[in-house]
Each structure stands twice: as structure tokens, then as C-alpha cells.
Amino acid sequence: MMWDRFYRLNPGVQAYPWGARRHGDELPYIAQLLSRAPDDDQPYAELWVGAHPALPCTFSVAGREWKLNDAIAEFPEEILGSRLVDAGLRSLPLLLKILDCEAPLSIQAHPNRALARTLHQRHPDHYPDANHKPEVAIALTPFKALCRFRERAQIQGDLSRHAALSTLFSEQLDDVAEPRWLRRAYRRLFGADSTEIGNALKTLTDTLAASQSPSPEDRCFSDLARHYPGDRGALCAYFLNTVELAPGEAIFLAPDEPHAYLHGTIIECMANSNNVVRAGLTPKFMDVPVLLEMLTYEEGLPRIWRGGALPGGGRCFEVPVPDFAVELWEGDAGDEFSPASDGTVSLLLVLDGTASLRAPGQEPVSATRGSCWLWPGALADCRVAMQTEHVRVVRARPGT
Ligand SMILES: [Zn+2]
């Protein structure tokens, strides 16, 4: 097989319960993207474009149906490219997703490589691979998330301000300068017995219902408590920063950083892993001791950035890990890109409009909205021509 062209991929959809659903005529983003007419009740949470064994893309070559992970295992040099194979890789290092959150996701963090290996060995049913999972989130709509710890003075201020919290955290209100204060306070949140937590949640919910001037953290707590009644994870609204991204803005989440996506639609790219350590706001498996132990307990807002400009238009989101980078090409009919290729694999996803993918010696292929493409490492010197107005194409590739 030559691997001398672009191959159209069939992506998978995850129907997690927090995903966006149909509301009357308004369809979930992922259903619109794929031109599907969804059932009323089916959530469209995540679109997976990649080769993770849990939900690999499929595609057909010369009448044979392939899973992308199997094709890479059989043709690593041709698909991944020699740079990655020389570096020892035999599987795709990244996973590209679209996420559409209608309800908040769990309080979570993703393990670093060493921890991922241990967790996968110990509980392969809960931790499906041995890889780390740093991730980047690029907003397509206004997007809200909890991310990293707030400054401890802010946390302590809120714990003191509400009677329900100052009772629950009575032993954590002093000594705020002590180096392990944040670790101790967060441990208390997850270690308090369920009666104490239940009382605090009820008192705080009642107080806020009567409040004339709730703070942004109060509003976030009330929202989480409404979605997950009785769940102590809602109190993370006082511990973690609420971050709001405008379309085009991005955050990078390093391993071991606490976060919870709350609302909105994003492009997400990550190392090729599905390892999530959860501690609240979910009916799924939770691993509180592991989460409390793994966190970095760094304070302060995450960096929000818009990527760097690419020659010819578009933005590039490079991250501090070699597993992946994301490019977002935007243009109108007549615009043309000659994307740099260092002979490594890329995945393409057309978000809007139609683009023509041109490879040497091949007929151009028309990449319409919602289509996903494998660009094998062996395929060099390609051009991408925009055929309609407002074309947007996402390219996920290994970092340089
Ligand atoms: Zn995450």
C-alpha cells in the first residue's frame, strides 16, 4: 500500500450524559457538524478523531475496512512517519476531539506518565492505558471551566464568609501561610463525613437562595449543586478558578492539575489517553485518595492564549509537551495553504465550509463540513485550497 493520499476517516461519538442534546429545532453542535438528525434524548458529548483503542476511527482502503490503530500497527513508518518511528513510537501520540458540554463534567485531573503506568497496572478497568493526558481546550463558543486552585487568601476568605463553610472548615481557617494549608483544606473537603457535608450543602444552598448579591463563586456553587444535589464536589466552586474563554481562546491543562469543564463547545486535543482521575460531580468511578495525592496544589489563574499566527492565516497552538499541537486554518474561497509537513502524521477536521485537499499525482478531494481526514506521514507537499467562504479546518499533529 502506498499511503500516498488523504484518507477519509469515520469518527466516533461518545454519548456521555453531560453532552448537548436536541432542544426543539436546535441540534447539538456535533450532530450539526456530522449532518445527523439526532434522537430527542441522545446526548452528543464528544467526537473522537484518533486511534485510541476505546473508540478508534475507521476507514476503508481498496475495499478493506480498517481501524486506524490497527493500520498504524501494520504500517507505522508510512502512517506515523519516520521521525516518530525513529523516536520509538508505534501508535498515534495524540487524540483530537470536539467536546460539547451542556452540564458540568466531573472534578478531575489526569495522571502524569509515571502515575498512569501504576494506575493502569493496578486498575486497567478504570485506567484504560498507561499514558499521560495533558490536554488543550480551544473554545468554539463561550466556554466556562473550573481550573487550577484560586489563591489561598481568596479561598480562605470565602470559607470564612459563609457560616456553613466556616463551621465545616473551622480547623482550616487559620495558619493560611502554612505551606501545606491548601492541601489540608482540600483534604478536609473530601474527608469530612457525609452528615457534615450534607448539613453544610443544605445550609449554604438555603442561604444563597435568599441572597441578594451572590458572588460569582456563589453562583457557580448553586449551579453545580443544582446539577449534582448532595455532591460535595459542588464546593470546588470556592477552591478552583472559574475561567471563561471567548471563542478562539485556549487553556492548556498539564497533568496533575484539577479542573472541571462546565459549559460550552471546544476543540480538545490531548495525548493519546483516556485516563481520568475523578473526585466528584459524577456517577462514574471516583478515586479520591489518588486525586488528592497527585495534585500539584499550584495557585493562580491558568494562562489564556490565542495561539501564534501561521503564515498564510490561521493560528497554531503549541503546548509544552511533544505529543501534539493544534492548528486552526481559516480562509475564504481562493485562499490556499501549503501547510508545513515534516513527514509526520496529521489529522484534519473541517469545521466550516469546504476545502480541496491536493496531494501530488492525485485527484483533489473535496473536504466538506464535518469530514475528518488522515494525512499520512509519507504524504508530502500538499496544498489545501478553500472552496467556499468562511472555511475552518482543524489540524492536529505531533509537536515539533
Ligand atoms: Zn480533563
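Residues numbered from 1 in each chain as written. Predicted model: local features only at pLDDT ≥ 70, side-chain atom pairs only at ≥ 80, totals over all residues.

A. Representation of the overall build of the chain. The helix and strand tally for the chain stands at 11 helices and 23 strands. Against the compact-globule benchmark of 21 Å for 400 residues, the chain has a radius of gyration of 23 Å, which places it among compact chains. Once the C-alpha set of the chain is aligned to its principal axes, its extents read approximately 70 × 45 × 40 Å. In the chain, which comprises 400 residues, the share counted as buried stands at 45%. In the chain, 75% of the contacts between residues at least 6 apart in sequence involve partners at least 24 apart. (Helix = DSSP H or I, 4+ residues; strand = E, 2+ residues; numbered from the N terminus. Rg over C-alpha atoms; globule rule 2.2 N^0.38 Å. Buried ≥ 20, exposed ≤ 12 C-beta atoms within 10 Å, placed from the backbone. Contact = placed C-beta atoms within 7 Å.)

B. Summary view of the domain arrangement of the chain. Assigned domains within the chain: domain 1 (7-147 + 244-294), domain 2 (152-234) and domain 3 (326-397). Of the residues belonging to the side of domain 1 that touches domain 3, the class tally is 19 nonpolar, four polar and three charged. (Domains from an automatic or database assignment. Nonpolar A, V, L, I, M, F, W, Y, C, P; charged D, E, K, R; others polar.)

C. Layout of the sheet that holds strand β23 (residues 391-397). An order of β1-β21-β18-β23-β16-β15-β14 is seen for the seven strands of this open sheet, with the pairing classed as antiparallel. On the outer flanks of this sheet lie β1 (7-9) and β14 (308-309), each paired with one strand and no other. Both β14 and strand β15 (residues 315-318) contribute to a ladder of two bridges, which runs antiparallel. Bridge pairing in β15 links Gly308 to Cys316. (Pairing = 2+ DSSP bridges.)

D. Representation of the environment of Gly313 within the structure. Here Gly313 lies in the loop between β14 and β15. Accessibility expressed as a C-beta count within 10 Å gives 15 for Gly313, which makes it partly exposed. On a C-alpha basis, the gap between Gly313 and Gly331 in space is 7.2 Å, while along the polypeptide they are 18 residues apart. Once you skip the residues sitting within four places of it in the chain, Gly313 turns out to touch Trp329, Glu330, Gly331 and Asp335.

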